[in-house]
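# Descriptive structure summary
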Amino acid sequence: MEEMEEELKCPVCGSFYREPIILPCSHNLCQACARNILVQTPESESPQSRRASGSGVSDYDYLDLDKMSLYSEADSGYGSYGGFASAPTTPCQKSPNGVRVFPPAMPPPVTHLSPALAPVPRNSCITCPQCHRSLILDDRGLRGFPKNRVLEGVIDRYQQSKAAALKCQLCEKAPKEATVMCEQCDVFYCDPCRLRCHPPRGPLAKHRLVPPAQGRVSRRLSPRKVSTCTDHELENHSMYCVQCKMPVCYQCLEEGKHSSHEVKALGAMWKLHKSQLSQALNGLSDRAKEAKEFLVQLRNMVQQIQENSVEFEACLVAQCDALIDALNRRKAQLLARVNKEHEHKLKVVRDQISHCTVKLRQTTGLMEYCLEVIKENDPSGFLQISDALIRRVHLTEDQWGKGTLTPRMTTDFDLSLDNSPLLQSIHQLDFVQMKASSPVPATPILQLEECCTHNNSATLSWKQPPLSMVPAEGYILELDDGNGGQFREVYVGKETMCTVDGLHFNSTYNARVKAFNKTGVSQYSKTLVLQTSEGCNYETQSAPYSQLVDIKKLLAVAWFAFDPGSAHSDIIFSNDNLTVTCSSYDDRVVLGKTGFSKGVHYWELTVDRYDNHPDPAFGVARMDVMKDVMLGKDDKAWAMYVDNNRSWFMHNNSHTNRTEGGITKGATIGVLLDLNRKTLTFFINDEQQGPIAFENMEGLFFPAVSLNRNVQVTLHTGLPVPDFYSSRASIA
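Now for a description of the structure that goes with this document.

Rules and cut-offs
Residues numbered from 1 in each chain as written. Predicted model: local features only at pLDDT ≥ 70, side-chain atom pairs only at ≥ 80, totals over all residues. Heavy atoms only, no water. Pairing = 2+ DSSP bridges. Helix = DSSP H or I, 4+ residues; strand = E, 2+ residues; numbered from the N terminus. Axes fitted to C-alpha atoms, helices over the stretch in contact; angles between N-to-C directions. Salt bridge = Lys/Arg side-chain N within 4 Å of Asp/Glu carboxyl O. Contact = heavy atoms within 4.5 Å. Buried < 20%, exposed > 50% of the residue type's maximum accessible area, 1.4 Å probe, protein only. Expected span 1.5 Å × (residues − 1). Bend = angle between axes of the 7 residues up to and from the residue.

Okay, the sheet that holds strand β35 (residues 702–707) next. Spatial strand order, β25-β35-β27-β28-β29-β30: six strands in an open sheet with antiparallel pairing. With one partner strand each, in any of the chains shown, β25 (588–591) and β30 (654–660) form the two edges of the open sheet. Each strand axis lies, on average, 20 degrees off the axis of its neighbour in the sheet, ignoring direction. Summarising the sheet, strand β28 (residues 637–642) and strand β29 (residues 646–651) pair through five bridges and their orientation is antiparallel. Following the sheet pairing, V642 is matched in β29 by S647.

This is the structure we're talking about:
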């Protein structure tokens with residue numbers, strides 16, 4: 001029962017309820033605490049003024065929460081009544097159990113009456129400290145709230161059960177432990193007090209004395225005070241109002257506000273509600289039982305997690321220390337090889353220094369000797385030795401021939417340490433691999449005969465090796481960025497075929513795939529090189545016109561259709577997704593399936609139906625463009641919208657370049673996206689509409705159209721760039 005104690009304590013004072021009253025929100029308050037948190041409201045919010053204006057619907061009117069800031073959203077501990085100019089800001093305090101309460105704006109008047117009978121200030125307001133709902137009291141004040149006799153009884157029983165031993169109620173000083181209880185007197189006696197105050201003779205002889213524990217039980221079962229009607233204090237409750245969900249007396253039925261309501265017998269409703277509460281408690285009891293079992297499970301998990309963490313940490317440290325030891329041993333071996341190479345180089349260089357020094361000393365001696373011989377003035381003596389000296393000098397000079405003065409050893413070490421495989425393995429070191437209990441899947445094989453490219457899309461297919469015995473749970477396909485950059489994941493799943501859209505035209509991509517299961521990840525497959533379509537990618541800046549014509553005839557062009565996956569749900573598709581219309585009167589956006597980031601691209605749209613002069617828009621957009629407004633309303637689209645008389649260019653809801661000339665049924669709209677020049681140009685019936693619409697076009701663009709139910713268009717792709725544009729480009 002200790003867990004129930006919080007339910008028995010007042011949210012204001014934090015003590016057990018004393019004379020609790022029930023608020024209309026079903027929460028309880030001590031009667032004295034309710035008086036302490038009363039606040040006087042402005043005259044305009046009184047129940048009398050509300051009833052006079054026709055807005056009052058009950059005796060207790062809940063205040064408009066939009067007009068009152070009852071408590072701070074942050075846990076600041078302060079709140080104020082901000083809706084009233086006349087009400088001062090009132091600090092919000094916290095009760096002992098942490099619930100915010102509101103003290104009165106002014107101290108209550110001093111009175112000698114009981115809290116229930118003392119008058120309350122006019123237009124008083126009380127705020128429930130638990131749900132923070134406010135209500136204005138009527139003329140009855142706090143007497144209008146029913147007293148919670150059941151709660152009082154529960155508190156009495158709880159407090160009695162908390163007592164360790166029952167004490168005598170008649171001992172004058174230190175009460176002794178009671179030995180009996182008189183059921184008629186409802187008093188606990190010790191033996192001396194029983195003999196003195198309750199002798200077993202006379203009228204008292206007929207009283208029944210029982211043990212204290214039995215007396216406690218009988219006291220609990222004894223009838224308590226019967227709650228009286230709040231409107232008629234002298235009357236007991238006799239019936240139950242079904243509509244108001246409250247007990248009432250017979251006067252309430254005859255002359256009060258319950259006279260026209262449906263009522264039932266108090267005893268029958270008492271049994272019915274007890275039955276309903278018991279049934280509800282059964283379900284709540286099951287949830288509580290499950291919660292207790294779940295808490296036991298969680299506590300066991302906490303202990304297991306701690307144990308596993310210590311064990312796993314020790315295992316991890318041991319394995320990493322083993323790797324570090326192996327690396328240190330390898331480091332010592334490699335250092336030994338470096339030292340050996342160092343000693344070898346030094347020996348070779350030192351030997352060459354010694355040899356060269358000896359030879360230089362001999363050469364220098366021969367030179368000095370020859371110089372001294374030259375100084376002799378005896379011709380005959382000189383000629384006797386001159387031939388021999390000349391031969392010696394030439395021989396010595398030849399000994400200093402090519403390569404003699406070249407170092408036999410370089411200063412560079414002929415060692416190159418390649419640690420990239422080890423670093424890669426360290427970076428790929430994973431707990432999944434360390435916990436492996438079965439091998440990883442085999443490396444997938446790319447099926448080259450099924451891999452292909454179309455426009456700016458690439459389709460790749462792969463399979464597991466025929467003799468592989470380890471199943472793969474999925475595959476990871478990676479592509480680089482088309483410029484030799486880093487690989488990125490483009491697909492993760494169980495399928496063995498994938499089509500990647502939105503690649504750059506005229507670009508080379510590298511693709512690879514690997515398999516994975518619970519154990520880990522396989523090695524990468526061989527890298528496949530893919531080349532996307534040229535997509536009308538050519539340079540017009542420096543080539544002459546004759547060459548442009550020849551090149552244009554050989555160019556690849558892009559074929560695509562509208563994309564149902566990214567279109568607005570109101571778009572209607574037909575003709576293999578080449579024809580679109582709309583089911584809504586509002587403009588809706590549909591994109592093409594192919595995106596462009598390089599090259600020159602041209603496509604056309606024919607108007608199949610044009611009713612009531614709508615203004616469809618044509619152009620390009622990013623993938624995340626808004627789909628429920630006209631194309632060009634946001635900064636993700638560049639468009640031309642046109643009616644039956646004129647057209648405008650629009651981007652980011654900015655309208656420019658109004659041009660005469662509109663569309664009718666059968667008209668053809670051409671869109672030319674030149675990403676070499678970074679421009680976007682529009683055509684109507686093979687004539688350019690206005691100037692170049694947009695410049696500085698960079699990024700990935702998708703063909704786009706916005707239309708409503710009055711328009712239907714058909715897309716035509718795979719078209720070459722118009723001749724007049726090529727001619728104009730060559731002239732420029």
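Alright, that's what it looks like, and here's the rest.
Let's shift gears to the pattern of salt bridges. Applying the stated criterion across every chain yields a total of 14 salt bridges. One salt bridge connects D570 with R588, and the closest N-O pair in it is separated by 2.9 Å. Of this pair, D570 sits in the loop between α11 (545–553) and β23 (571–574) while R588 sits in strand β25, and the two are 18 residues apart along the sequence. Linked through salt bridges whose partners overlap, the residues forming this network are D570, D586 and R588.

For L673, the location among the structural elements is in strand β31 (residues 668–674). Distance in space between the C-alpha atoms of L673 and H601 is 5.2 Å, their sequence separation being 72 residues. Non-local contacts of L673, meaning those with residues more than four positions away in its chain, are made with F596, G599, V600, H601, W603, V620, T679, L680 and F701.

The next subject is unusual backbone geometry. In the Ramachandran plot, N653 falls in the positive-phi region, its phi being about 65 degrees despite a non-glycine side chain. Among the secondary structure elements, N653 is positioned in the loop between β29 and β30. If you check the backbone angles, D686 has positive phi at about 65 degrees while not being a glycine. Judged by its relative accessible area of 52%, D686 is exposed.

With that settled, the discussion passes to helix α8 (residues 379–399). Over its 21 residues, α8 extends 30 Å from the first C-alpha to the last, a length consistent with the 30 Å expected when each residue adds 1.5 Å. Within α8, the axis deviates most sharply at S386, by approximately 40 degrees. Residues of α8 that are buried: S386, L389 and T396. The inward-facing, buried residues of α8 contact α7 (266–374).

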